[in-house]
Amino acid sequence: MRVEAGGYIADAVRRHRDRVAVSSNQGDQTFEELNSTANRIGSGLRKIGALVGDRVGVLSYNRIEVLQAWIGLEKLGLVRVVLHSHFELATHAATLREVGAKVLMFDTRFAAAIEAQKELFPSIRLFVALGQNVPPWSIPLSQIIDQGSSQEPVLDVDEDSPCFIQLTTGTTGRPKPWIVTHRSWRAVIEGNFEHLDTFQSDSQVLNTGDVNLHFHALQWASGFQTLMPYLLRGARTVLVDDECFDARSLVDELVATHCTGMFVPGPLLTPLLDEVEARGGIAHHLKRLMIFFATPELLRRTSQVLGDVWCHGFGSTEQGAPTTRLTAEEAREKPTRLESVGRSISPFYELAIMGQNGIRLSATEVGEIVVRSPMCTSSYWGNTNSDSFFDGGWFRPHDVGYMDQDGFLYFLDRSKDQIRTERGVVYPHVIEAALLRHEAVANCGVVGLGNDVAHTIVAAVLLKKGVNPSPEIENALLCLAQSELTDTQQAQRVCFVSELPTVLGGAKVQRGVLRSQLLERGTL
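Every value quoted in this text rests on a predicted model; they were computed, and no experiment measured them.

Draft legend 1. Summary view of the pairing of strand β12 (residues 211-214). Of the two faces of β12, the one carrying Val211 and Leu213 and the one carrying Asn212 and His214 are both buried. Pairing between β12 and strand β13 (residues 236-239): four bridges, direction parallel. Paired with Leu213 across the two strands is Val238, which belongs to β13. After leaving β12, the chain enters helix α8 (residues 218-232) and then returns to the sheet as β13, a path that is right-handed. Examined bridge by bridge, β12 and strand β14 (residues 261-265) share two bridges and lie parallel to one another. Its bridge partner being in β14, Asn212 is matched across the sheet by Gly261.

Encoded structure:
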């Protein structure tokens, strides 16, 4: 089937033409202004030689030009390659080489780093600068805009052709480029409409009175999950620069903008709640707080500080996100559900647990989490997906868990991260979740050091600012795990670190990198 590339954006513009679509420290743009500039960017690139299907890398912190490019590239048939602003430049370069990108649009704050390593970008024929102080080896975005047309392109494309390329988080290795087709992208948007419209049993649907704030990377989970549902309903999008996270500034912005919806990773939620409590509470308008990577204690604390305005989501780049969600209402009905990541976000999003042979398992049996929906009907770039699907179209994200009788999913860990010991299989995520309950812990990562089954389970702990390592804290953490977890799921050692290797602004620990770091420092 063929569809109009980005046609749903043109429809939203017709409905909400003069409303403010996006706000940032750069100013406001109406739907009409946003769409006009987006069309000029896409058509301007096409005019100077970019062809339908060409890959265009976008590397930037949150700014209006990213949203303009997002829309303009899609509508003109150019494939946006999402480059997370917090990844190393070498990772971006490897991705662009792999997908054969010809254009790189970059925030000028990355100019010096790119110039110093330009030899890593042999496929790039055109560098387009976003922002001030444009380097001489690039052209300013304004030049592209001047050459483009604001006219609606009305380009029909095959629904299974690439819309954009989203990288995986890289927690178990180098990030892999996943093709998001026009079909799967529309399914993601539709799934998030249903998710957000049914956030609580008494929720109103998204509407023009809502405000969606992005302080985490727009091109990553924050935008992937929430940008289009809010935008298409005529709500206002607020962009906060994500170069550095500052809880105080974020709370100020949350209050000043009357934000009603926001995505937040669990590790960044803690300092946000700390700031709210330090102020003695705030008057807020939040209705939908989308949280990933949180512990039960953090969810309980969110209810205490901000109210039952949250849901806890689970998913991945390839599955489309979120794939499951636990609402505050469901947790109130049965508090033990806080240990879960909820149920499927839609009746049309299929979720199952399977054994290694692809046979579906019964409730409470531990196995591989698999999903099936139009959201995940695609592939990695240049990959035949030989081990990515079970028969029947079941996608394998290589996560391990189980479901209860009511369909709630309990995530245990990534299959690559589980540690086999003489005592049995250890799931690092389970130990990490227990240690994060201690009030002194900001973040932690658990790995196995050693060979074969003779692993020593080590917890690397990052303490909160102002807390100093001590034998007392180390003992308290070991006792906490012993009191709450089975004999198998125990850390044998705790070591304190000043920094953890993470991705997504601290949302996920890179356990492979952590393991190498601990071995280098002689932790055994």
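Having seen the model, we can carry on.
Draft legend 2. Local environment of the pattern of salt bridges. Following the criterion strictly, the structure yields 31 salt bridges and no others. The residue Arg14 makes a salt bridge to Asp11 at a minimum N-O spacing of 3.8 Å. Residue Arg14 and its partner Asp11 are located together in helix α1 (residues 7-16), separated by three residues, close to a single helical turn. The partly exposed category is assigned to Asp11, whose relative accessible area is 29%. In this structure, Glu65 and Arg63 form a salt bridge, with 2.9 Å as the shortest nitrogen-oxygen distance.

Draft legend 3. Layout of the sheet that holds strand β4 (residues 55-59). Taken together, seven strands build an open sheet; the order of strands is β8-β7-β6-β4-β5-β10-β11 and the sheet is mixed. Only two strands of the sheet have a single partner each, and these edge strands are β8 (139-140) and β11 (177-181). When strand β10 (residues 162-167) meets β11, the two strands line up antiparallel, connected through five bridges. The residue bridging Phe164 from the neighbouring strand is Val180, located in β11. Against the sheet, helix α4 (residues 89-99) touches β4, β5 (79-83), β6 (103-107), β10 and β11, its axis set at about 155 degrees to β5.

About the cut-offs
- Residues numbered from 1 in each chain as written.
- Predicted model: local features only at pLDDT ≥ 70, side-chain atom pairs only at ≥ 80, totals over all residues.
- Heavy atoms only, no water.
- Buried < 20%, exposed > 50% of the residue type's maximum accessible area, 1.4 Å probe, protein only.
- Helix = DSSP H or I, 4+ residues; strand = E, 2+ residues; numbered from the N terminus.
- Pairing = 2+ DSSP bridges.
- Right-handed = clockwise from strand over helix to strand, strands pointing away.
- Salt bridge = Lys/Arg side-chain N within 4 Å of Asp/Glu carboxyl O.
- Contact = heavy atoms within 4.5 Å.
- Axes fitted to C-alpha atoms, helices over the stretch in contact; angles between N-to-C directions.

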